[in-house]
Structure formats: structure tokens, C-alpha cells
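These are the residues of each chain, in order.
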Amino acid sequence: MTQSSTPHTLMQINGRHSCAIIQFQKGAIPTWRHYGARIQHTALVKKWSDTAIWRMPNSSMDRMDGIPLLPCFGNGVMHVPALLAHQDGRDAVQELVCQSYEQNNTDSTESLVLHLADNTSQSQISLAAEITLTMHRETDVLSIQTRIINSGNSVLQLDKIASGVVPIAAHLSEVASFHGLWAHEFQMQRSPLGRTGWQMQNRQGRSSHEHPPACFLLEPTTSDHAGQAIAAHLAWSGNHQFSVDPHLSGCCLLQAGEWFAPGEVRLTPGDSFEVAPLHVSWSDKGLNGASQQLHQHARLLVLQWHNGSMSPRPVHLNTWEAVYWNHDLPVLYELAERAASIGIERFVLDDGWFPGRPNDRSGLGDWWPDPLKYPDGLQPLIDHVLKLGMGFGLWVEPEMVNPDSELFRQHPDWALQSSGRDLQTSRYQLVLNLSLPEVSNYLFCKISHLLSQHPISYLKWDMNRDLAQAQNAEGRMMYRAQVHALYGLLSQLRQAHPNVEIESCASGGGRMDWGVLQYSHRFWTSDNNDAVSRVSIQGGALRLFPLEILGAHVGPAPAHSTGRAQSMDFRCAVALFGHMGVEADVRKLDDAQASILSRWIGLYKQWRHVLHHGRFSQGQTANGVWWMVQTQDQTIVGVFTLDHPQSLHHAPIRLPLMFASDSTQWCVRLLGRAGHERARGEATTLWLDALQADGVIYTVDELQHLGLNVPNMNPESALVFSIEACNPTYP
Ligand code: GLA
């Protein structure tokens, strides 16, 4: 560790391919010199500061600063402020300047801690901040952690503090983010930034279907495989704001952080307040390059597996679309038996098992088995499931309460509400105020009791509404406190039951972020199990999260969410690229359908070590998309045709393979197929037959530059290939 306070110090922290360079000058605001490609030698940057090169323009302030790391309000740094604080409407001008810094390196990180403070002697306000920038060498993810300290002796109102501010060079002039809604998550949209910038705000109290907390900054020419990209992700499951605004230097500044409701954050003297971390990652290998770095980071540093490593992801049967709330024991027994016979490994009992739950209008909050549906409790069903060789999982929605429940009748004051106003229900439910110790304690005891009494190894933790009227009894907004209390409850349960895995669900993918992922093991990506819809939903989610944590289920045909029907093979091929499961009444499958499903489940088991540990890439074809996961010597590729072909023959698919092995011959085999070729004669059938029988030999060059040859297929078709070394020479 080095301590310094010398003027004009440049500090560089390095990833493998990227770096951040910060300029520190005691008494001046901290500034950015660079974020992007790793710079080996910085002759110019060392000698010349930005402000020495710039000339004072007309119609500007008589001060000149570099590119600010924490633009403040009212001090003449004319940029969107990253910090807004005041004392009951007074003393809103701030200027946080450099005091000292520390540089710390470990085997895997290079980090920099900047200590900032307001240097005024006039203001009643005294604020300090600590910004920690940590570059993770292995993953090329830069994590920014900001802490704000009220070092004065009056109470401060904090209206805004960005988690991080990052310079976006002028050539990264496009932004991609995700829009969505229930059953239609992670739809990527891309647009030019323009001269007025871009912003996204989420006030729904959870990460949301509409505005998941992430974006990418791109060159106009950045594709899936090439060009520069910066990914940004806020590890936070509540309200947030992102903005990219032009800076007077010609670059833009990306800011991301929590969004505070009016009056939500007050700092009493001596309070130190840390906001959710912002993670950014730069790549020059296109969107896939940036995503792969995020995947790697989530695998290495976010996910916390019991005993330190992920066990093979078991195939799920989730009962929701099979029986909804109609829990009838003989039916559930039969469902479990059929599930086990087709290869299912974990049986998850969804909504409907607790009292007063014939539909979604009542019961939430009463977390014990319904004595009518389960006269001897849950144990007989669990025993049955375990005897069949499967694990048992249970659905809960702890943060919620129905007004029609024992819990609400006893504790109407436990729900977040605005006194004097009508209760704002959503799906007939209210949100419990988890910040009340008695509420969190009640939930901990109820869930912990279930987990202690029964061999339950999995919880599907749901959260089916946005927050509104998120006020406590004193009328204070509790959005932020609610998220922290949730993290606290999850963490307490994880400590008490370390072998239990948790799925984060919020009406499908309404709460998917690295904040909640520290305490969970899987996301329920979407309530939409229509396989055509799923291609864009899973493809979008895969831009941010690794494949093994994205729940992907084979649903019924027609799909309950869209009414569209696809073949069993197609539904299976799409669900293969995720944490595979089934969400259908498998009792009703005829033998032919059951055997198709069983064959794909077998394929999943055979390939999950590649699917769940490999490097994922995606690309577009004229008629659909392809997904590829590769390890050192094995690759699996899915080619999905969604629409009518654009040409009479399918263009070969050029695969950006990166094999560590120097084997030159690669055998491509057809592992699975859904749908029919569009062909008159035998020729293409011969080709697929050859791929299916012994496979076809390619070199890596051919696969990369000539491409993998595939026939035109009908809409809603899929081809799944393996690529394996024929003469491996790897160690
Ligand atoms: C939400 C979930 C579904 C299911 C239902 C149960 O919609 O996303 O998967 O668990 O709740 O009510």
C-alpha cells in the first residue's frame, strides 16, 4: 500500500485488457484520464493534463477542470451532478476535492481508494466521500464503490449520490439497454446517444421487468463479435437511475446509482452511507466479449455456492403450470412419478400449498401447510418425491401479505402503506415492511421452521408486485431500506440453512441483478414458456448473466402465456440453453412426447458440464439466432430458425471459436433437431444424416471463416450441434 498527497499524481489500475487512469491533485476535484483499452506506456498522459491542452472557451466558467469523477452541484462544474445534498433546503453547494489516496494490489485485483472532502469553511455542511475503484484482473470488471460521510454536526438530506461516474469516449456513441414487461423481459434496444444524452429511471421498488439495471455503450459498428463495448451493471434490486450525458470535453459521462424517493435518505452527524456498487467492463470483442466478462465475474465473485462450487444443475419440474393452485395429493404423487420417470431431478412445489390459497386473492403471509390440502403436512409428499430420487423445492413469497390472511388480520400495521389513503394492492397483495425487526423475525422463523422440519433443499422465492406507498408508520419512504432488509433476511436464512439453494423470481424476471444474486442461485427468467418468445428473453438475459443460473423450462403446448404451440423438440432445444426444467403437466404427455422430452433431458445431463461452465456467445442469422457455448475441447451450438428464410439456402454460420487446444480437426455432430428442412430433394437430408451419423470433420479455420453449413429450416425449428476435437493434443 502506498500513501501519497503529491500534486498531479496519475494512478492506473489494470485489468488484462482494460485499465482506468485517474488524476489526483490534492485540493482539486478528482478527474478521469482514461477508461478503456489497457495502456502500457503513458508518455503523453503523464506529461500533459487535459486542462493544459484545452483552451478556455467563450461563454464558460472561469475555472477549468478535467473530466470529473464526482461532479458536484453549484460549484461551477457544469455537469449533471452525481451528488445532491442539503440541509433542509440550505447549503446545497458542494465541492468534494482530493485529500489522499491509497493503492492496494492483491493477486487478483488492483484498487484505488480516493478520500475526498469538501474544502469550504463557510458552509454548515461538512461532507466527505470515499470512492473505491477495484479492477479485477481476471474478469476485466471495474467495480466502483462509493461511501459518503456526514462529517459535520447537522442532519443532511441526501437527494442523490451516484454509485459511479465513468467517462465514455466519443466514439462509443450508441447505448443499448433492455425494455420489457411481464412475460416479455430483456428485450434489447439500441439507439444513438445524440447530443442530449440518455437516461433510464426505475421507481418500481425492484429491479423490474421494465428497466433492468444495466446498459452497454457501443460504437455504431460494434457487433456481437467485434468492436468496443462498455457494459455497466448496478448490483441493486431496487430503484435506480442511469444517465449518459455529454461532457464539455466531448466525451460523455455515464452515471449510475440508486434513485432515492423524496426524503428517503437522511444522514445524521457521523453517518457513513454506502451505495450499491456499479460494475463496468470494457471489451473490444463486441457485445459477446463484454458479456463473457460479466459472466465470468458473476461465476467467480458474485455467486456464493455452498462448499464453494456449483454442483450439476438438476432438471426441475415446477408444478405451477401443471396444477396452479389445485393441489390434490394423488395428482401431485402421480406428477412426481411421471417426472422421475422422464429424468427430472428436482420437484418444486409452487404456489397453493398454504392455507386460504384457492387463488391469488388470499393466504400470503400464512406460511404453514394448508390442513385441507395437506392433512398430514408436507412430509408425505416430500417423502414420496425423495423416494423417487428427486430433491424437493418449495415456493414462497415472504415479502408479501394478502389483506385476506391470518397475518394481516393480526398485524395490519406490518404492511407498507400511506396512512389515510386507500391501500394500493397489486395481485390483491401488499408488501410487508421488512425493516421492522418483528416482520423479518416472523418471516425468518416461519421459513426456517419449514426448512428445519423438512428436507427441503430449494426455495423458489417469489416477489409478485411493484412497491407503491412504500411508507412506514412515520410516513418515511422505505424503498431502499426494504431492499437492505431483504438482503439481510436472505443472508440470515442462507447462514442458517447453507445447503438450501434459492431462486430469485419476481413474476418471472422482475428481480435479476447482482445484488440479489449474492444470496441466490438461479433466476426465474420469465413466466413466458413459449419457446419463440423465450429466444429473445433468454438471449437478452444472457447479455448479462451466465447460462447456468437462467431457469429455462419446457412448457405446455399451447403455451399458457401466448396461446402459441411449438413442437416438443423445439421447446426442448430452447430450454437446453439454460438451467433446464419442465413446467407442464407431464402426466398428460403421451409416450411419444414423453420419450422426446426424456431424450432432451438426457442430452442436457450429458452436456451440462459444457453448457454451465463454458464461454457463451450469440449471433444473428437471417432467419433467427445461434447460441454457442465452448470449453477447451467441447462446444455446443444451437441454431434457431424463428421466421421464414430470407434466401433459398442458409448462409453458413461463422463461429468465433477460441480453442485452447491445438488440435486441427474438429468433428461436428448433430445432437438434436426440431422441425423440418425446407427441401425438395434428398441433398440436404443427406447432409444432416451425415452430421447425425458419424459427424463431419472441419478445421477451426473453416468453422471460423467459411462457417458451419446448415440447411434452411422451417420457422420454429432448431439444430443443436456438438463440436469436438478429433485428435486432441491438449494437456
Ligand atoms: C409468479 C411466478 C410464477 C408462479 C406464480 C405463482 O407469477 O413468476 O412462476 O410461481 O407467481 O403464483
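So, here's what we can say about the structure.

The rules behind these values
- Residues numbered from 1 in each chain as written.
- Predicted model: local features only at pLDDT ≥ 70, side-chain atom pairs only at ≥ 80, totals over all residues.
- Heavy atoms only, no water.
- Helix = DSSP H or I, 4+ residues; strand = E, 2+ residues; numbered from the N terminus.
- Expected span 1.5 Å × (residues − 1).
- Buried < 20%, exposed > 50% of the residue type's maximum accessible area, 1.4 Å probe, protein only.
- Pairing = 2+ DSSP bridges.
- Right-handed = clockwise from strand over helix to strand, strands pointing away.
- 1 Å grid on protein atoms, 1.4 Å probe; cavity = no way out; pocket = protein on both sides within 12 Å on 5 of 7 lines; lining within 4 Å.
- Points joined across faces, edges and corners; volume = space filled by probe spheres on them.
- Nonpolar A, V, L, I, M, F, W, Y, C, P; charged D, E, K, R; others polar.
- Axes fitted to C-alpha atoms, helices over the stretch in contact; angles between N-to-C directions.
- Contact = heavy atoms within 4.5 Å.
- Polar contact = N/O pair within 3.5 Å; in protein donor to acceptor, adjacent residues only side chain to side chain.
- Near = heavy atom within 4 Å.
- Areas by Shrake-Rupley, 256 points an atom, 1.4 Å probe, with all protein chains shown as cover.
- Phe/Tyr/Trp six-rings, centres within 6.5 Å; stacked < 30°, edge-to-face > 60°.
- Lys NZ or Arg CZ within 6 Å of the ring centre and 35° of its normal.

1. Some remarks on helix H3 (residues 286-302)
Thinking step 1. Between its first and last C-alpha, H3 extends 23 Å over 17 residues, near the 24 Å set by a 1.5 Å rise per residue.
Thinking step 2. Across the 17 residues of H3, 13 count as buried, placing the element largely inside the fold.

2. Some words on the pairing of strand S31 (residues 550-554)
Thinking step 1. In terms of burial, S31 is a largely internal element, five of the five residues being buried.
Thinking step 2. Alternating residues of S31 divide into Leu550, Ala552 and Val554 and Gly551 and His553, and every residue in both groups is buried.
Thinking step 3. Pairing of strand S30 (residues 522-524) with S31, which is carried by two bridges, proceeds in the parallel orientation. Note on S31: the bridge partner recorded for Phe523 is Leu550.
Thinking step 4. Crossover connection from S30 via helix H11 (residues 531-541) to parallel S31: handedness right-handed.
Thinking step 5. Alignment of S31 against strand S32 (residues 579-582), held across four bridges, turns out to be parallel. When the sheet's bridge partners are listed, Gly551 is paired in S32 with His579.

3. Concerning the layout of surface pockets
Thinking step 1. Empty space within the largest pocket amounts to approximately 640 Å³.
Thinking step 2. Taken together, 29 residues line the largest pocket, and the ones lying closest to its centre are Arg16, Gln292, Gln293, Gln296 and Arg615.
Thinking step 3. When residues of the lining of the largest pocket are traced back to their parent elements, those giving at least two are strand S22 (278-283), H3 and strand S33 (615-620).
Thinking step 4. Among the residues making up the lining of the largest pocket, the classes are represented as six nonpolar, 15 polar and eight charged.

4. Overview of the sheet that holds strand S24 (residues 346-349)
Strands belonging to one sheet form pairs held by backbone hydrogen bonds; the direction of such a pair is parallel or antiparallel.
Thinking step 1. Reading around the circumference, S23-S24-S25-S28-S29-S30-S31-S32 is the order of the eight strands in this closed barrel, with parallel pairing throughout. Strand-to-strand twist across the sheet, computed as the mean angle between neighbouring axes with direction ignored, equals 30°.
Thinking step 2. When strand S28 (residues 458-461) meets strand S29 (residues 501-504), the two strands line up parallel, connected through four bridges. When the sheet's bridge partners are listed, Lys460 is paired in S29 with Glu503.
Thinking step 3. Packing against the sheet, helix H9 (residues 479-496) makes contact with S28 and S29, and its axis sits at approximately 170° to S28.
Thinking step 4. Sitting on the sheet, helix H12 (residues 568-576) is in contact with S31 and S32, with an inclination near 170° to S31.

5. Comments concerning the side chain of Glu503
Thinking step 1. Among the secondary structure elements, Glu503 is positioned in strand S29.
Thinking step 2. A distance of 2.8 Å separates polar atoms of two side chains, one belonging to Glu503 and the other to Tyr458.
Thinking step 3. A polar contact is formed between the side chain of Glu503 and the side chain of Arg522, at a distance of 3.0 Å.
Thinking step 4. Those residues within four positions of Glu503 in sequence are excluded, and the remaining contacts are Tyr458, Leu459, Lys460, Trp461, Arg522, Phe523 and Trp524.

6. With respect to the environment of Asp413
Thinking step 1. Relative to the assigned elements, Asp413 resides in the loop between helix H7 (406-410) and strand S27 (430-431).
Thinking step 2. Residue class for Asp413 comes out exposed when judged on its relative accessible area of 55%.
Thinking step 3. Sequence-wise, Asp413 and Ala473 are 60 residues apart; in three dimensions their C-alpha atoms are separated by 7.8 Å.

7. Some remarks on the site of the ligand
Thinking step 1. With respect to spatial proximity, 13 residues lie near the ligand, and among them Asp350, Asp351, Arg427, Lys460 and Asp527 are the closest.
Thinking step 2. Considered on its own, the ligand offers 310 Å² of accessible surface; in the complex 97% of this is hidden by protein.

8. Some thoughts on the packing of aromatic side chains
Thinking step 1. By the definition in use, this model includes 21 aromatic pairs.
Thinking step 2. Between Trp414 and Tyr442 the ring centres are 5.7 Å apart and the planes differ by 65°, which places this aromatic pair in the edge-to-face class. One end of the pair, Trp414, is in the loop between H7 and S27; the other, Tyr442, is in helix H8 (residues 437-453), and 28 residues separate them in sequence. The burial state of Trp414 is the same as that of Tyr442; both residues are buried.
Thinking step 3. The interplanar angle of 65° and the centroid separation of 4.9 Å between the aromatic rings of Phe523 and Phe545 together place this pair among those described as edge-to-face. In this pair, Phe523 is assigned in strand S30 and Phe545 in the loop between H11 and S31, connecting sequence segments 22 residues apart. The pair Phe523 / Phe545 is uniform in exposure class, with both members buried.
Thinking step 4. One aromatic cluster is present, formed by Phe178, Phe186, Phe216, Phe523 and Phe545 through successive ring pairs.
Thinking step 5. The ring of Trp259 has Arg203 lying over it, and the distance from NZ or CZ to the ring centre is 5.8 Å.
Thinking step 6. Taking NZ or CZ as reference, Arg534 lies 4.9 Å from the ring centre of Trp524, over its face.

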